[in-house]
Amino acid sequence: MIGERRSGQFVTPGTPLAIIEEFLPGPGTYVEGCYVYSKITGYMLLDTLNKKVSVYPAVKSPNVPTVGSIVLGIVESVNFKSCDVSIKVVGRRKLSGSLMGVLHISDASPHYVESVFDVCRPGDYIKAEVISNKNRTFHLSTVDRNLGVVLAFCSRCGYQLSKENRRMYCKRCKNVEKRKASSEYWVLT
Ligand SMILES: [Zn+2]
């Protein structure tokens, strides 16, 4: 599962680094089962003398979104003013873990929306642009046409919603809901 590891190797969150019996977990790592994993994106240091493995953060990492990055995530909690998004993909790169982003109502749509519940609901897949990463929080926008919900589920029965003109429709229970849907809304068969 691990393969050959050496100091200086570039690793990303979730990369298995060592077997716990061989190396103790140092900074930038975590333990799950019998393996030590990297918690961050950076460079691995194998301290063979002290039998310790650590990861030192990379200054610039391709897996961490920057301002302008397009990300894909799953909507977690939603309230009237904002929602939390668990970011799973940055650009074309799938993250081994996830990062939290926040979408505020004022960045959700080019039109006035009363509540974020009219933009997305928990469990929806959403495509967004990173507009700020102040204080290590990824602030998201879904204003552009191609941004917004790409796959949404019926709040009543959980079935996938179809995008029909400007409304979201559940073919199973006939429920009609609102979303800020992306022009690239996924059509599943
Ligand atoms: Zn339904």
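How each quantity is defined
- Residues numbered from 1 in each chain as written.
- Predicted model: local features only at pLDDT ≥ 70, side-chain atom pairs only at ≥ 80, totals over all residues.
- Domains from an automatic or database assignment.
- Helix = DSSP H or I, 4+ residues; strand = E, 2+ residues; numbered from the N terminus.
- Core = buried A, V, L, I, M, F, W, Y, C linked by C-beta atoms within 7 Å.
- Buried ≥ 20, exposed ≤ 12 C-beta atoms within 10 Å, placed from the backbone.
- Contact = placed C-beta atoms within 7 Å.
- Pairing = 2+ DSSP bridges.
- Axes fitted to C-alpha atoms, helices over the stretch in contact; angles between N-to-C directions.

S.K.: Explain the domain arrangement of the chain residue by residue, including any values.
M.R.: According to the domain assignment, the chain consists of domain 1 (10–57) and domain 2 (70–177). The distance between the C-alpha centroids of domain 1 and domain 2 comes to 34 Å.

S.K.: Describe unusual backbone geometry, with residues and values.
M.R.: We note that Lys 51 has phi near 55°; this positive angle belongs to a residue other than glycine. With respect to the helices and strands, Lys 51 occurs in the loop between β6 (42–47) and β7 (52–57). The phi angle at Lys 174 is positive, at roughly 65°, despite the residue not being glycine. Structurally, Lys 174 can be placed in the loop between β15 (167–170) and β16 (176–177).

S.K.: So what about the nonpolar core? Which residues, and what values?
M.R.: Judged by nonpolar contacts, the single largest core of 29 residues is most densely connected at Cys 83, Val 85, Ile 87, Cys 120, Ile 126, Ala 128 and Val 149. Mapped by element, the contributors of at least two residues to this core are β8 (70–78), β9 (82–90), β10 (93–104), β11 (125–132), β12 (138–141), β13 (148–151) and β15. Not counting chain neighbours up to four residues away, the residues in contact with Cys 83 comprise Val 75, Ser 77, Val 78, Leu 103, Val 116 and Cys 120. Of all hydrophobic cores here, the second largest spans 10 residues; its members include Val 11, Leu 17, Ile 40 and Met 44.

S.K.: Quick rundown of the pairing of β11? Include the residues and the values.
M.R.: Taken together, the 5 bridges between β8 and β11 define a ladder with antiparallel strand orientation. Bridge pairing links Val 71 to Ala 128 in β11. As defined by bridge partners, β11 adjoins β13 across 3 bridges and the pair is classed as antiparallel. Bridging across to β13, Ile 126 finds its partner in Val 149. Pairing analysis gives 3 bridges linking β11 to β12, with the strands arranged antiparallel. Residue pairing across strands places Val 130 opposite Leu 140, the latter belonging to β12. Between β11 and β12, which pair antiparallel one after the other, the connecting turn spans 5 residues, and Asn 135 there sits at a positive phi close to 55°.

S.K.: Account for the sheet that holds strand β2 (residues 16–19), naming residues and giving values.
M.R.: What the 3 strands build is an open sheet, ordered β2-β5-β4; its pairing is antiparallel. With partners counted over all chains shown, the strands left at the sheet margins are β2 and β4 (29–32), one partner each. On average, each strand axis in the sheet is inclined to that of its neighbour by 30°, with strand direction left out of account. Pairing geometry for β4 and strand β5 (residues 35–38), over 4 bridges, is antiparallel. Counterpart to Glu 32 in the pairing with β5 is Tyr 35.

S.K.: Talk me through the sheet that holds β6; I want residue IDs and the actual numbers.
M.R.: Taken in spatial order, the 4 strands of this open sheet run β1-β6-β7-β3, and their pairing is mixed. Edge positions in the sheet fall to β1 (10–11) and β3 (24–25), since each of these pairs with one other strand and no more. Where β1 and β6 come together, 2 bridges link them in antiparallel fashion. When the sheet's bridge partners are listed, Val 11 is paired in β6 with Gly 42.

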